[in-house]
Amino acid sequence: MRTTYALPRRWSVAPLLVLVIAFVGFSLPPYLTLDPAQSRIPVAGTAAGYFPMLVGHVIFGSIAILTCCLQVWPWLRTRYPDVHRRVGMAYVFAGVLPAGILGLVLGAQTPFGPVLRASNVLLSIVWLTVTLVGYRAGCQHRTTEHRRWMTRSIVLTLSIISNRVWAVVWVITLSPQLATTFGGNEALMIQTIAGLSGWLGWVLPLVVTEWWLDARGPGPNPAATGGRRAPATVR
Ligand code: HEM
């Protein structure tokens, strides 16, 4: 009977992991070539150092998004708290911190216009802040607060995927309006798509997360602990 319940829980992270591996497998390779011509965003005319920072951001961002899958895996968290702690350090210090600082610098000089610029800068600041607050709570063994802040952090990390989904939605929706709504101005249309995708990509998931955290209250998530209270050491 035990294995009947343990198996789904053990594999519960699989769908998320598959999605994230597919995203990283698609996003990362062009930047590992270190060839600016392979960049998916225009880097010609950007400041010196922009492309190396972009490469660094994508590599550290990939570490953040891959490690966050392990951090939300209830089976690993409850079974191997030491692994959870080590992967958590990698998530914060080899993922979010460097990726967020580089995201802030890159975001302030985005080639996609002022609306995305505002979104990128604010997202970087919020991402770094909630992660550091969550890390501090973990160090101080304030488990409930640690879980709530890290939930926000992980939702923001994963929001890069919803950002790309929104971009596809807006390209499909707005491209036919190039000649009408945008008067044939392609740059304006691209900036509009980037701005909409940027803001919707992280604000909506964060609002839903806040609602979910409020609805769930401060107690431990029974689904994550198999109906038991999480041990105090599991953070
Ligand atoms: C959540 C906070 C994040 C912020 C604020 C952020 C910000 C940025 C910025 C400013 C750029 C340059 C393009 C632009 O000007 O918009 C960029 C590009 C990129 N970022 Fe992030 N990023 C974040 C998270 C991530 C994560 C977690 C990944 C995971 C791999 C990632 C992967 C990429 C990739 C692959 C690009 C290059 C564009 C592409 O090839 O699609 N970012 N990001």
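Scroll up for the structure.
A short tour of the structure in this document, coming up. (Residues numbered from 1 in each chain as written. Predicted model: local features only at pLDDT ≥ 70, side-chain atom pairs only at ≥ 80, totals over all residues. Heavy atoms only, no water.)

### So, the overall build of the chain
Scanning the chain for helices and strands turns up nine helices and zero strands. From first element to last, N terminus to C terminus, the chain shows the α and β order α-α-α-α-α-α-α-α-α. For the chain, buried positions account for 40% of its 235 residues. The contacts in the chain between residues at least 6 apart in sequence include a share of 71% that link residues at least 24 apart. Counting every atom, the chain has about 12,500 Å² of accessible surface; 71% of that belongs to carbon and sulfur. (Helix = DSSP H or I, 4+ residues; strand = E, 2+ residues; numbered from the N terminus. Buried < 20%, exposed > 50% of the residue type's maximum accessible area, 1.4 Å probe, protein only. Contact = heavy atoms within 4.5 Å. Areas by Shrake-Rupley, 256 points an atom, 1.4 Å probe, with all protein chains shown as cover.)

### Let's talk about the site of the ligand
Around the ligand there are 26 residues in total, and Y31, H57, T110, S124 and R164 lie nearest to it. At 2.6 Å from an oxygen atom of the ligand is found a side-chain nitrogen or oxygen belonging to Y31. At a separation of 2.9 Å, an oxygen atom of the ligand approaches a polar side-chain atom of R164. Put simply, the parts of the chain that give the shell around the ligand at least two residues each are α2 (14-27), α4 (50-71), α6 (81-107), α7 (114-139) and α8 (143-174). Counting residues per element, the shell around the ligand draws most heavily on α4, at six residues. Of the residues that constitute the shell around the ligand, the class distribution is 14 nonpolar, ten polar and two charged. (Near = heavy atom within 4 Å. Polar contact = N/O pair within 3.5 Å; in protein donor to acceptor, adjacent residues only side chain to side chain. Nonpolar A, V, L, I, M, F, W, Y, C, P; charged D, E, K, R; others polar.)

### Observations concerning the pattern of salt bridges
For the structure shown, the criterion picks out four salt bridges. Note that E145 is salt-bridged to R142, the shortest N-O span being 2.5 Å. Residue R152 pairs with E210 through a salt bridge whose shortest N-O separation is 2.5 Å. Linking R152 in helix α8 with E210 in helix α9 (residues 186-216), this pair joins segments that are 58 residues apart in sequence. In this structure E210 comes out as partly exposed when scored by relative accessible area, which is 28%. (Salt bridge = Lys/Arg side-chain N within 4 Å of Asp/Glu carboxyl O.)

### So, the environment of Q71
Residue position: Q71 is located in helix α4. Q71 gets classed as buried once you look at its relative accessible area, which sits at 8%. Sequence separation between Q71 and G88 is 17 residues, and the spatial gap between their C-alpha atoms is 6.8 Å. Excluding residues that lie within four positions of it along the chain, Q71 makes contacts with R77, H84, V87, G88 and I154.

### Structural notes on the nonpolar core
Formed by 36 residues in total, the largest nonpolar core has its most connected members in V20, L54, I65, Y91, W127 and L156. Put simply, the parts of the chain that give this core at least two residues each are α2, α4, α5 (74-79), α6, α7, α8 and α9. Among residues more than four places away in sequence, those in contact with I65 are V20, F23, V24, T157, L158, I160 and I161. (Core = buried A, V, L, I, M, F, W, Y, C linked by side-chain atoms within 4.5 Å.)

### Considering the packing of α6 against α8
Running from N to C, α6 and α8 cross one another at 50 degrees; their axes reach a closest spacing of 13 Å. Of the possible angle classes, the one that applies to α6 and α8 is oblique. Two packed elements cross with a definite hand, and for α6 against α8 that hand is left-handed. Across from H84, Y91, V92 and V96 in α6, the residues of α8 making contact are H146, M150, S153, I154 and T157. (Axes fitted to C-alpha atoms, helices over the stretch in contact; angles between N-to-C directions. Parallel < 35°, antiparallel > 145°, perpendicular 65-115°, else oblique. Left-handed = near helix turned anticlockwise from the far one by under 90°.)

### Here's the deal with unusual backbone geometry
Phi at L34 is positive, roughly 60 degrees, even though this residue is not glycine. Looking at where L34 falls in the secondary structure, it is placed in the loop between α3 (29-32) and α4. Residue classification places L34 among the exposed residues on the basis of a relative accessible area of 58%. Within the chain, H141 stands out as a residue other than glycine whose phi angle is a positive 60 degrees.

### Some remarks on a nonpolar patch on the surface
On the surface, V208, W211 and W212 cluster together to form a nonpolar patch covering roughly 360 Å² of accessible area. By the element assignment, W211 lies in helix α9. (Patch = residues over 30% accessible without salt bridge, like charges linked within 9 Å, V, L, I, M, F, W, Y side chains within 5 Å.)

### Side note on the coordination of the iron atom of the ligand
For the iron atom of the ligand, the sole protein-derived donor is H57 (NE2), lying 2.0 Å away. By the element assignment, H57 lies in helix α4. (Donors = N, O, S within 2.8 Å, 3.2 Å for Na, K, Ca; no water.)

The values are spatial; any link to function lies outside them.
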